[in-house]
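# Fold and contact review
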Amino acid sequence: MSEQHHTVLIVGGGAAGVSTANNMRRKNSTIDIALVEPSEKHYYQPGFTIVGGGAYTLKKATKNQADIINPSINWIKEYAESFQPDENKVTLKSGDILSYDFLVVCPGLQLDFNKIDGLVETLGKNNVCSNYSVDVVEYTWETLQKIESGNILFTQPPMPIKCAGAPQKIMYLAADRFRKKGISDKTNVEFFNAGPGMFGVPFFAKALTKVIADYGITTNFGHNLVAIDGDAKTATFETSDADGNKSTVTREFDMIHVTQPQSAPDFIKQSPLSNDAGWVDVNQSTLQHTQYSNVFSLGDVSSSPNAKTAAAVRKQVPVVVDNILKLLDNKEVAEGYDGYGSCPLTTSLNTVMLAEFSYGGKVTPSFPFLDPRTNSRLWWIGKLIGFPWLYWQVMIKGIRFDIPHKASYVEKLTKED
Ligand SMILES: Cc1cc2nc3c(=O)[nH]c(=O)nc-3n(C[C@H](O)[C@H](O)[C@H](O)COP(=O)(O)OP(=O)(O)OC[C@H]3O[C@@H](n4cnc5c(N)ncnc54)[C@H](O)[C@@H]3O)c2cc1C
C-alpha cells in the first residue's frame, strides 16, 4: 500500500475529467495534476445515438485515453473506491491512498440494470437493445436492419438520466428507417415514458409532439419499464391511476430499445460528498462542494440541476478550473455556470432539432439566426461532423471555446407560444 500527494486530483477521466485536466494544464504549465481513470478507452457517448441508428461507427466514437490525456498529467489507471474529505484523501480499489490539495469529482453516473428484472440476462440478445451500453450499442443497428414488421418499443426511465433526449432520438431514427424501407404500415412504434411528457422544456416538448405525431408513434406516459422477458419477448411496465394505485401492463415486442434507470455511482452515494439523492453536493453556480471548499464536481455526477450532457461539461470546465486557480491564488471563487446544457435531437436521418437551455428550462440558443425548433439539416451535419470535432479537437484538448448562449435570441418566439 502506497500514499502519494497531488496538488489537483481528478477522479474520473470521461468528458469532464480529461477536459478539466487538459484545460488546467493549458492554464498552468507546472501545476501537479493526477487523474484517476481505470479505462484505457474513451468514448464520445453523444455519438452512440447515431451508432445505434446506423449513421456512425463505434470506432469513430472511441479513442485511447493515452492519446488524449496530456502526457504531463499523472494518469493513475485505477478505480477510486472511497473518499475521506476530512483528511483530503481518496482510497483506491488497490488500497493505495492519494492525498490532495484540491479534488475534482467526475466519475459520471451508473446505469441501474438491476431495476429492470431480466434485463441483464437478455440485453444484446432477443432484439433487446440499448444505446446507453457501449458493449451493445452496435446491436441496436444490427437489430434495426433485421426488422420487417411488428411492435417496436422505446422506453424512458424516471429522470434524471444523461442526455434526456436520447431515448426518443433513436426512436425517430428507427421510424425514419422504417419509412425509407417502406415498412411503416407493418411496424407499430410506441414510446413508453415513465415521465409525464415528451421533454422537460415545454418549448421543445411542443415541437417534439408534432414530430412524434408525424411518424404516427403512439405515446404511453407514466409507464415505467420494470421487467423484461427476452425469450417470451414481453416487457412489463408499472403505471399508476389518478389516485396513485399501481398496476402493471405487459406488452409483446419484436424489438425493444431500453434506457436503463440511472443514478450516482454507489461509491459516491456512500461517500460523505453526496447529498440525499446521492449526487455530489455542489453550489450550482460555482460547482464548489457545499461543505468541503477544496472539492469541486462537474459532469453527470454533480448535484447541479442542469441537463446531464457533454454540452454542459463544456461550460462547466472553465468554472471549475478558474475557481481552483483562484483559490490557489488566495482569491474567492466566482459564480460562472448558469445551467447550460444542450441536446441535439435527431428527428430524422438528416435533421436535428438543437435544444439548448439553462437552469429553469430557460431556452438559450447559441445561434440567433434559426428558430431552435426547426428540424434542421445544418445541425444534422453538426451531429455527424461538427459536434464530434468540437468534442475531440477542442473540449477534450482543454481548449476553451465559448459561443455565448442567449435567451434574447428566442424571447419573441417564446412569447408567441
Ligand atoms: C446514448 C447517449 C447519448 C448522448 N447524447 C448526448 C448528446 O447528444 N449531447 C451531449 O452533450 N451529451 C450527450 N450524452 C451525455 C454525455 O455523454 C455525458 O453527459 C457526458 O459524457 C458526461 O461526462 P462525465 O465526464 O460526467 O461522465 P463520463 O463521460 O461518463 O465519464 C465518466 C468516467 O469516470 C470513470 N469512472 C467511473 N467510475 C470510476 C471510479 N470508481 N474511479 C475512477 N474513474 C471512474 C469512467 O470510466 C468514465 O471514463 C449522451 C450519452 C449517451 C449515453
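This text follows the structure it describes.
Below, the structure is looked at part by part. These figures come from a predicted structure and were not determined experimentally.

## Regarding the packing of helix α5 (residues 137-146) against helix α6 (residues 166-181)
Viewed as axis vectors pointing N to C, α5 and α6 meet at an angle of 30 degrees, and their least axial separation amounts to 10 Å. Relative to α6, the element α5 is oriented roughly parallel. Considering the relative orientation of α5 and α6, their crossing is right-handed. Of the residues in α6, those touching α5 at Thr 140, Trp 141, Leu 144 and Gln 145 are Ile 170, Ala 174, Arg 177, Phe 178 and Lys 181. Of the residues assigned to the contact of α5 with α6, the class counts are 5 nonpolar, 2 polar and 2 charged.

## What to know about the site of the ligand
Neighbouring the ligand are 35 residues; Ala 16, Glu 37, Lys 169, Asp 300 and Ala 311 lie closest to it. A distance of 3.1 Å is found between an oxygen atom of the ligand and a backbone nitrogen or oxygen belonging to Ala 15. Within the side chain of Lys 383, one N or O atom sits 3.2 Å away from an oxygen atom of the ligand. In the complex, 90% of the free accessible area of the ligand, which totals 1,000 Å², lies under the protein chains. At the level of elements, α1 (15-27), α2 (48-52), α6, α9 (310-328) and β20 (341-348) are the ones that each hand at least two residues to the shell around the ligand. Per-element tally for the shell around the ligand: the top contributor is α9, with 3 residues.

## Re the pairing of strand β13 (residues 218-221)
Consecutive side chains along a regular strand alternate between the two faces of the sheet. Of the pairings in the sheet, the one linking strand β12 (residues 187-193) to β13 comprises 4 bridges and is parallel in character. Note that in β13 the partner of Glu 190 across the bridge is Thr 218. This β-α-β element, β12 to helix α7 (residues 202-215) to β13, shows right-handed connectivity.

## Observations regarding the pattern of salt bridges
Under the criterion given, the structure shown has 13 salt bridges. Lys 315 is the salt-bridge partner of Asp 402, the closest N and O atoms lying 2.6 Å from each other. Of this pair, Asp 402 sits in the loop between α10 (377-395) and α11 (411-416) while Lys 315 sits in helix α9, and the two are 87 residues apart along the sequence. You can call Asp 402 exposed: its relative accessible area is 57%. Classification of Lys 315 as buried rests on a relative accessible area of 9%. Put simply, Asp 329 and Lys 331 hold a salt bridge, and the shortest N to O gap is 3.3 Å. Judged by its relative accessible area of 48%, Asp 329 is partly exposed.

## What about unusual backbone geometry?
Here the residue pair Met 159 and Pro 160 is connected by a cis peptide bond, since its omega of 0 degrees sits within 30 degrees of zero. With respect to the helices and strands, Pro 160 occurs in the loop between β11 (150-156) and α6. Within the chain, Asn 88 stands out as a residue other than glycine whose phi angle is a positive 60 degrees. When you line up the elements, Asn 88 lands in the loop between β6 (80-84) and β7 (89-92). Non-glycine residue Lys 233 carries a positive phi angle of around 55 degrees.

The rules behind each value
Residues numbered from 1 in each chain as written. Predicted model: local features only at pLDDT ≥ 70, side-chain atom pairs only at ≥ 80, totals over all residues. Heavy atoms only, no water. Axes fitted to C-alpha atoms, helices over the stretch in contact; angles between N-to-C directions. Helix = DSSP H or I, 4+ residues; strand = E, 2+ residues; numbered from the N terminus. Parallel < 35°, antiparallel > 145°, perpendicular 65-115°, else oblique. Left-handed = near helix turned anticlockwise from the far one by under 90°. Contact = heavy atoms within 4.5 Å. Nonpolar A, V, L, I, M, F, W, Y, C, P; charged D, E, K, R; others polar. Near = heavy atom within 4 Å. Polar contact = N/O pair within 3.5 Å; in protein donor to acceptor, adjacent residues only side chain to side chain. Areas by Shrake-Rupley, 256 points an atom, 1.4 Å probe, with all protein chains shown as cover. Pairing = 2+ DSSP bridges. Right-handed = clockwise from strand over helix to strand, strands pointing away. Salt bridge = Lys/Arg side-chain N within 4 Å of Asp/Glu carboxyl O. Buried < 20%, exposed > 50% of the residue type's maximum accessible area, 1.4 Å probe, protein only.

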